[in-house]
Amino acid sequence: MNTLEVSDLSYRYGEKQALKDVSFRLHEGHFTALLGPNGAGKSTLFALLTRLFVSDQGRINIAGHDLARSPRAALSKIGVVFQQPTLDLDMSVMMNMRYFAALHGIKGRDAARRIDQALERLDMRERAGERVRSLNGGHRRRMEIARALLHEPAVLMLDEATVGLDFKSRRAIVDHVHDLADAGLTVFWATHLVDEIRTEDADSDDVIVLHQGRVLAHEPAADLRGTQ
Ligand code: ADP
Ligand code: ADP
């Protein structure tokens, strides 16, 4: 139930067919990488999943809610980290978290508890008082991920969450997000970087390969072993 299911989804920009009959169902509690080169359609898919774009071809179901019919219920079940950070640089980490919690109607002690928990999960607790401006790129991304967990989503979606980061920061983020999946969260991780996919010791990692708007494969990440 705590998963994402896409059926026969298509989308075009005028003449350009960006997605064609895309269907898949994420395994609950798995880390699923959406792998595809630039132009494959990853951002378009994310825009549809978050209802920035709407398509009349195909269906999207999030944690049991049809996105077209019950957008509020469906969207309340996803946490999203976009490629472009949306942080207020002059606010502290804590203020950013409180602000975001308030947007979700989460207040008072409940907000304090959830913020503490979310920062803890991303190992960002000790940075709560720092201004976002003073954080490095990796810590900013981790704060964004923590923020996306506040409303306790069933599915966490990240679109190229490591763009512009050095190898060490990327690794830390990939590891943290795997920990979230290991704790039961369904994770959808869009990337064009094969090295962000764990093929060893990762029974709960899957890969969906997107190419020119079509799903070429949906398989355990371990099946990629040796092909990287
Ligand atoms: P990815 O995120 O995998 O790089 P996109 O979803 O951005 O892929 O793009 C999928 C395809 O749709 C590409 O061929 C891209 O050039 C095209 N595309 C994306 N946005 C537009 C747009 N606004 N108008 C026309 N074509 C677009
Ligand atoms: P991404 O890294 O998400 O694939 P791109 O660099 O492909 O982003 O595209 C950046 C922006 O330009 C996006 O908003 C996308 O929708 C738009 N875009 C991409 N391809 C085209 C295109 N062929 N025509 C018009 N807009 C496009």
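About the thresholds
- Within any chain, residue numbers begin from 1 and follow the written order of that chain's sequence.
- Labels are handed out in written order, letters beginning with A for the chains and numbers beginning with 1 for the ligands.
- Only residues with pLDDT of at least 70 get local features here, since the model is predicted, and only at 80 or more are side-chain atom pairs given and counted; chain-wide, interface and lining totals rely on the full set of residues.
- In computing side-chain values, all of the structure's heavy atoms are included and hydrogens and water are not.
- Here a residue counts as near a molecule or strand whenever at least one of its heavy atoms sits within 4 Å of it.
- Pairs of N or O atoms within 3.5 Å make up the polar contacts considered here, provided that, within protein, one atom can donate a hydrogen while the other can accept it, and that residues adjacent in sequence are counted only when both atoms are side-chain atoms.
- Accessible areas in this description were obtained via Shrake-Rupley with a 1.4 Å probe; residue shielding takes into account the shown protein chains only.
- Going along the chain from the N terminus, every DSSP run of H or I of four or more residues is numbered as a helix, and every run of E of two or more is numbered as a strand.
- For this scheme, ten residues count as nonpolar: Ala, Val, Leu, Ile, Met, Phe, Trp, Tyr, Cys and Pro. Four count as charged, namely Asp, Glu, Lys and Arg, and the remainder, Gly too, count as polar.
- In summary, the pairing rule links any two rings of Phe, Tyr or Trp, Trp by its six-membered ring, whose centres are within 6.5 Å, and it sorts them by plane angle into stacked for under 30 degrees, edge-to-face for over 60 and tilted for everything else.
- Exposure classes here rest on a 1.4 Å probe applied to the protein chains alone. A residue is buried below 20% of its type maximum, exposed above 50%, and partly exposed in between.
- By definition, being over a ring means that NZ of Lys or CZ of Arg is both within 6 Å of the ring centre and within 35 degrees of the ring normal.

Asks: An account of the site of ligand 1 is requested, with residue identities and associated values reported.
Replies: All residues adjacent to ligand 1 are Tyr 13, Lys 16, Ala 18, Pro 37, Asn 38, Gly 39, Ala 40, Gly 41, Lys 42, Ser 43 and Thr 44. Contacts to ligand 1 include Gly 39, whose backbone N or O atom sits 2.6 Å from an oxygen atom. Within the backbone of Gly 41, one N or O atom sits 2.9 Å away from an oxygen atom of ligand 1. Protein burial of ligand 1: of its 560 Å² of free accessible surface, 61% is covered by the chains. With three residues, helix H1 (residues 42–49) is the single largest residue contributor to the shell around ligand 1. For the shell around ligand 1, a count of residues per class yields four nonpolar, five polar and two charged.

Asks: An account of the packing of aromatic side chains is requested, with residue identities and associated values reported.
Replies: Applying the stated rule across the entire model yields six aromatic pairs. Ring plane angle 40 degrees and centroid distance 5.4 Å describe the contact between Phe 24 and Phe 188, whose orientation is recorded as tilted. One end of the pair, Phe 24, is in strand E2 (residues 16–25); the other, Phe 188, is in strand E8 (residues 186–191), and 164 residues separate them in sequence. Like Phe 24, the residue Phe 188 is buried in the burial classification. A centroid spacing of 5.7 Å and a plane angle of 35 degrees characterise the contact between Phe 31 and Trp 189, whose relative ring orientation is tilted. You can see Phe 31 sitting in strand E3 (residues 31–35) and its partner Trp 189 sitting in strand E8, a full 158 residues away along the chain. A single burial state applies to Phe 31 and to Trp 189, both of which are buried. Taken together, the ring pairs connect Tyr 11, Tyr 13 and Phe 53 into an aromatic cluster. One Lys or Arg, Arg 147, reaches over the ring of Phe 100 and ends 4.3 Å from the middle of that ring.

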